[in-house]
Amino acid sequence: MCEINGPFNSLPGKHGSATYRQAPNPLNLHQVDSLDVTIVVDNAIDILLPSDERTKRPPLTWDWSEKRQLIAEHGYSVLLTVHRNGEARSILYDAGLSQETATHNLDILGIDLKHVEAMVLSHGHADHHGGLEGMLRRIGKKKLPFILHPDAWQDRKIVFPTGTEIHMPPPSRKLLEDEGVQILEERGPTLLLDGSVLVSGQVERVTGFERGFPLQQARRNGNWEPDPWIWDDQGIICNVKGRGLVVVSSCSHSGVVNVLRNAERITGVE
Ligand SMILES: [Zn+2]
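K.L.:
Would you explain the nonpolar core in this entry?
P.N.:
Nonpolar side chains tend to gather and get buried jointly when the protein is soluble and globular. Grouped together as the largest cluster of nonpolar side chains are 46 residues, with contacts concentrated most on Leu 80, Ile 91, Met 119, Val 120, Phe 146, Val 197 and Ile 236. Looking at this core element by element, the count peaks at four residues for strand 7 (residues 116-120). Apart from residues no more than four positions distant in its own chain, Phe 146 is found in contact with Met 119, Leu 176, Val 181, Gln 182, Ile 183 and Leu 184.

Here's what the structure looks like:
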């Protein structure tokens, strides 16, 4: 069971978890020996690219055209594995858009999720939580810590300049409860895996040129209202030996400069 430290700004008693305690201040993010980032779902894929010294890709084989292939879709999901003191531990960050893509790609890659110790949702958009049910079933653990910002529950829509509107429903609380996860709503940073991984929590906005997502609206008290800021946007931060901070950030609706500056601020590592 992973240890969860957090948050800085509140300690909601409703969670009632023995694994849950106030984060130390200053924040103590441990250095890890290395970090593996496995892309499970992304918008694009090129299966002809070869592996190199930093990147491992599935090998091309003679009978490749007869095999099931990795699928790209508008969405995001990564498996993060930290190595520290000879131990490897993993979390999942997001689950892609459609119900089947993430689990399909996991099958192609031959990855088992039974060792995953926590799951983090980057924000409430459907292209990040659509595949949750299949992923959680693969993990197959009751009380799996599932970390999200409380604004991720908002019902939203995107209104494009063409007038086209698309619904952005939040994740289903019922689905998560049915799967038996431990829902942890946090606005502040959360340490996972005994301090090896940091969930950023809400990102401080300090730049004047990163203005959120102006096309977005949220339904509040039955009315649609402008909702450009996406305060639920959060990333994953590791401090990797010899490299410094590694920040994994899905849509970066906060703005990528804000995301990186916030990571430096909350860790004290530049
Ligand atoms: Zn998004």
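K.L.:
What's the story with the pairing of strand 15 (residues 223-226) in this structure? I'm lost.
P.N.:
The two faces of the sheet receive side chains in turn, since in a regular strand these alternate between them. Sheet topology places strand 14 (residues 216-220) next to strand 15; four bridges connect them, and they run antiparallel. From the neighbouring strand, Arg 219 faces strand 15, where its bridge partner is Trp 224. In this structure, the hairpin formed by strand 14 and strand 15 is closed by a connection of two residues, where Asn 221 is found at a positive phi of approximately 50°.

K.L.:
Is there a simple way to think about helix 1 (residues 101-109) in this case?
P.N.:
Taken together, the buried positions of helix 1 are occupied by Thr 101, Ala 102, Thr 103, His 104, Asn 105 and Leu 106. For helix 1, the elements touching its buried residues are strand 4 (34-41), strand 5 (77-84) and helix 3 (132-139).

K.L.:
Even after reading the chapter, I still don't get the sheet that holds strand 9 (residues 156-159), so can you show me in this structure?
P.N.:
Strand pairing within a sheet occurs via backbone hydrogen bonds; the two strands may be parallel or antiparallel. Strand order in this open sheet of four strands is 10-9-14-15, and the pairing throughout is antiparallel. Two strands in the sheet have a free side with no partner beyond their single neighbour: strand 10 (165-168) and strand 15. On average, each strand axis in the sheet is inclined to that of its neighbour by 30°, with strand direction left out of account.

K.L.:
Explain the confidence of the model for the chain here, please?
P.N.:
Reading fine detail from the predicted coordinates is not recommended where pLDDT is low. A residue-level look at the chain finds 90% of positions with pLDDT of 70 or above and a mean pLDDT of 91. Within the model, the stretch residues 1-24 combines pLDDT values under 50 with 44 contacts to residues more than four positions away or in other chains.

K.L.:
I keep staring at helix 3 and nothing clicks. Help me out?
P.N.:
It helps to recall that an α-helix has 3.6 residues per turn; residues three or four apart then point in one direction. Leu 132, Met 135 and Leu 136 are the residues of helix 3 that are buried. All buried residues of helix 3 project into a common sector of 95° when viewed along the axis, lining one side. Where helix 3 is buried, its residues touch strand 6 (87-93), helix 1, helix 2 (126-129) and helix 4 (173-178). Looking one or two places after helix 3, you find Gly 140, whose phi comes out positive at around 65°.

K.L.:
It is not clear to me how unusual backbone geometry should be interpreted in this structure. Could you clarify?
P.N.:
Both trends apply: most residues other than glycine have a negative phi, and most peptide bonds are in trans. Despite not being glycine, Ile 230 shows a phi value in the positive range, around 50°. Take Ile 230: it is sitting in the loop between strand 15 and strand 16 (236-240). Although it is not a glycine, Ser 252 adopts a positive phi angle of roughly 50°. Here Ser 252 is to be found in the loop between strand 17 (244-248) and helix 5 (256-267). Exposure remark for Ser 252: the 19 C-beta atoms within 10 Å place this residue in the partly exposed category.

Thresholds applied
Residues numbered from 1 in each chain as written. Predicted model: local features only at pLDDT ≥ 70, side-chain atom pairs only at ≥ 80, totals over all residues. Core = buried A, V, L, I, M, F, W, Y, C linked by C-beta atoms within 7 Å. Buried ≥ 20, exposed ≤ 12 C-beta atoms within 10 Å, placed from the backbone. Helix = DSSP H or I, 4+ residues; strand = E, 2+ residues; numbered from the N terminus. Contact = placed C-beta atoms within 7 Å. Pairing = 2+ DSSP bridges. Axes fitted to C-alpha atoms, helices over the stretch in contact; angles between N-to-C directions. pLDDT = per-residue confidence, 0-100. Arc of directions from axis to C-beta.

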